[in-house]
Every structure is written in structure tokens, then in C-alpha cells.
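# An overview of the molecular structure
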Amino acid sequence: MAESSTQARPGGRSAKVRAAVHRAVAELLAEEEAETLTLPAVAARAKVHPTTLYRRWGSTAQLLTDVATSRFSDDLVVPETGSLAGDLERWLADVATDVADPDTLALMRATIAAGPAGGCACVEDRHRQLGAILQREFDRAGSAPDVESAADFLLGPLYYRAIFTSEPASADWARGLVATYLSTLRTS
């Protein structure tokens with residue numbers, strides 16, 4: 001019996017508090033500058049005591065990393081079109097659409113600004129998705145590009161454009177990036 005009292009209750013109070021806190025972070029980022037986001041402000045919006053946030057997350061950076069990890073985990077379906085070009089085009093167009101969303105962009109910028117772990121939280125699942133696409137191509141054709149170089153070529157420009165410029169990456173722009181990447185692979 002002692003073991004069950006130490007396990008988290010996924011549908012219990014802890015899950016409700018986490019959902020309320022994540023919702024509060026999203027709302028505050030949509031309304032205010034990321035610099036004004038504090039644990040007491042999030043606690044007030046989520047209607048929980050600030051010590052709950054300090055005990056569970058410890059800092060705004062850790063909270064933002066948790067929110068980003070949750071937000072970017074399994075949010076896109078890895079397409080299966082039958083070809084590497086089709087899979088990458090559809091996937092990268094979906095990523096471009098996702099990061100063009102103002103709420104997503106606000107969360108990404110705040111999370112990255114909060115500390116080094118923030119960037120990883122924003123792209124970790126994208127790397128996993130890209131790895132699944134490339135593994136499928138390897139299974140089909142016996143060879144595929146490596147995940148890191150594909151991420152550098154495809155995600156690098158897309159995230160740069162989303163985060164550092166005022167011109168979002170459109171789905172058509174993303175498809176063009178895939179075409180350039182695949183052309184580069186064929187010539188090298």
C-alpha cells in the first residue's frame with residue numbers, strides 16, 4: 001500500500017493543477033510580453049498558490065520548458081505518402097503552419113529566452129518526427145540522410161525565419177526548402 005501513495009495520480013489533482021498552470025502560461029504569453037511572466041503571475045492566473053509552482057517547477061525557465069515539451073510532443077502526425085519527398089514536404093509544411101501560429105511563436109520565443117534547455121524543448125519532438133520519416137526511407141530504399149544534417153537544413157531556416165524575422169515560413173516556402181534539400185542530396 002505504501003507504494004501507491006507515492007505514485008502520481010494522472011487524472012487527479014496534480015493533473016488538474018498542471019493543466020491549469022499550462023493554460024495560464026499560454027494565456028499570459030498571448031496577452032503580455034514574455035519578460036513579465038513570473039511564477040506568482042502564473043499562479044494567480046491558474047488560481048493556485050505560488051508555492052505550488054515553486055515546489056513543482058522551481059523557476060520560470062523550468063515551467064516554460066515543461067509547457068513547451070508538453071506542447072510540442074506528438075502534436076504533428078508523421079505523414080506516410082510513400083516517398084521521402086512527399087513525407088518531408090507534408091511534414092515541413094505542417095511544422096511551418098504550426099510555428100506561424102502567434103501563440104506557438106510566443107511560447108517558443110519565451111522558452112528559448114528563458115534558458116538553454118528551452119531550445120531543446122521546442123525541437124526535441126521535431127527531431128524524433130524527422131527521424132521516423134528518415135527511418136521509413138531507410139527501410140524503403142536502404143539509405144537515408146542523417147537526422148542532424150536534415151534538421152540543420154530543413155528546421156534551421158524554418159525556425160530562424162519564424163523566431164527572428166517578421167516573415168513567417170509558409171507551407172509553399174517549406175515545400176521549396178524540401179525540394180532544394182533533396183536536390184542538394186542528389187548532387188552530392
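Check the entry above for the structure.
Calculation criteria
- Residues numbered from 1 in each chain as written.
- Predicted model: local features only at pLDDT ≥ 70, side-chain atom pairs only at ≥ 80, totals over all residues.
- Heavy atoms only, no water.
- Helix = DSSP H or I, 4+ residues; strand = E, 2+ residues; numbered from the N terminus.
- Buried < 20%, exposed > 50% of the residue type's maximum accessible area, 1.4 Å probe, protein only.
- Contact = heavy atoms within 4.5 Å.
- Areas by Shrake-Rupley, 256 points an atom, 1.4 Å probe, with all protein chains shown as cover.
- Lys, Arg positive; Asp, Glu negative; His and termini not counted.
- Charge placed at Lys NZ, Arg CZ, Asp CG, Glu CD.
- 1 Å grid on protein atoms, 1.4 Å probe; cavity = no way out; pocket = protein on both sides within 12 Å on 5 of 7 lines; lining within 4 Å.
- Points joined across faces, edges and corners; volume = space filled by probe spheres on them.
- Phe/Tyr/Trp six-rings, centres within 6.5 Å; stacked < 30°, edge-to-face > 60°.
- Core = buried A, V, L, I, M, F, W, Y, C linked by side-chain atoms within 4.5 Å.

### Things to note about the overall build of the chain
Along the backbone of the chain there are ten helices and zero strands. Along the chain direction, N to C, the helices and strands of the chain fall in the order α-α-α-α-α-α-α-α-α-α. The principal-axis extents of the C-alpha atoms in the chain amount to approximately 60 × 45 × 25 Å. Looking at the chain as a whole, 38% of its 188 residues qualify as buried. Relative to all contacts within the chain whose residues are 6 or more apart in sequence, the contacts with residues 24 or more apart total 66%. Carbon together with sulfur atoms contributes 55% to the accessible area of the chain, which is approximately 10200 Å² in total. Charge separation in the chain, taken as the distance between the mean sites of 19 positive and 25 negative side-chain charges, equals 8 Å.

### Comments concerning the layout of surface pockets
For the largest pocket, the calculated volume is near 200 Å³. It is helix α7 (residues 102–114) that provides the largest number of residues to the lining of the largest pocket, a total of five residues.

### Here's the deal with the packing of aromatic side chains
Counted by the stated rule, this structure contains two aromatic pairs. Here the aromatic rings of F153 and Y181 are separated by 5.0 Å at their centres, their planes lie at 40 degrees, and the arrangement is tilted. With F153 in helix α9 (residues 147–164) and Y181 in helix α10 (residues 171–187), this residue pair connects regions lying 28 residues apart in the sequence. By relative accessible area, F153 is classed as partly exposed at 28%. Look at Y160 and F164: their rings are 5.6 Å apart centre to centre, the planes differ by 40 degrees, and that puts the pair in the tilted class. Of this pair, Y160 and F164 both sit in helix α9, four residues apart, which is roughly one turn of the helix. Residue F164 is classed as exposed on the basis of its relative accessible area, which comes to 60%.

### Considerations on the side chain of T104
Within the secondary structure, T104 is located in helix α7. Among the residues examined, T104 registers a relative accessible area of 3% and is labelled buried. Setting aside anything within four residues of it in sequence, one finds T104 in contact with R71, F72, D98 and V99.

### A short note on the nonpolar core
Grouped together as the largest cluster of nonpolar side chains are 51 residues, with contacts concentrated most on V21, V42, L53, L63, L88, L92 and L158. Counting only elements with at least two residues in this core, the list comes to α2 (13–31), α3 (39–46), α5 (60–72), α6 (84–100), α7, α8 (116–141), α9 and α10. Examining the composition of this core, we find that eight residues originate from one element, α9, more than from any other. Leave out the neighbours within four places in its chain, and L88 touches L130, I133, L154, V178, Y181 and L182.

By themselves, these observations are geometric and do not establish any function.
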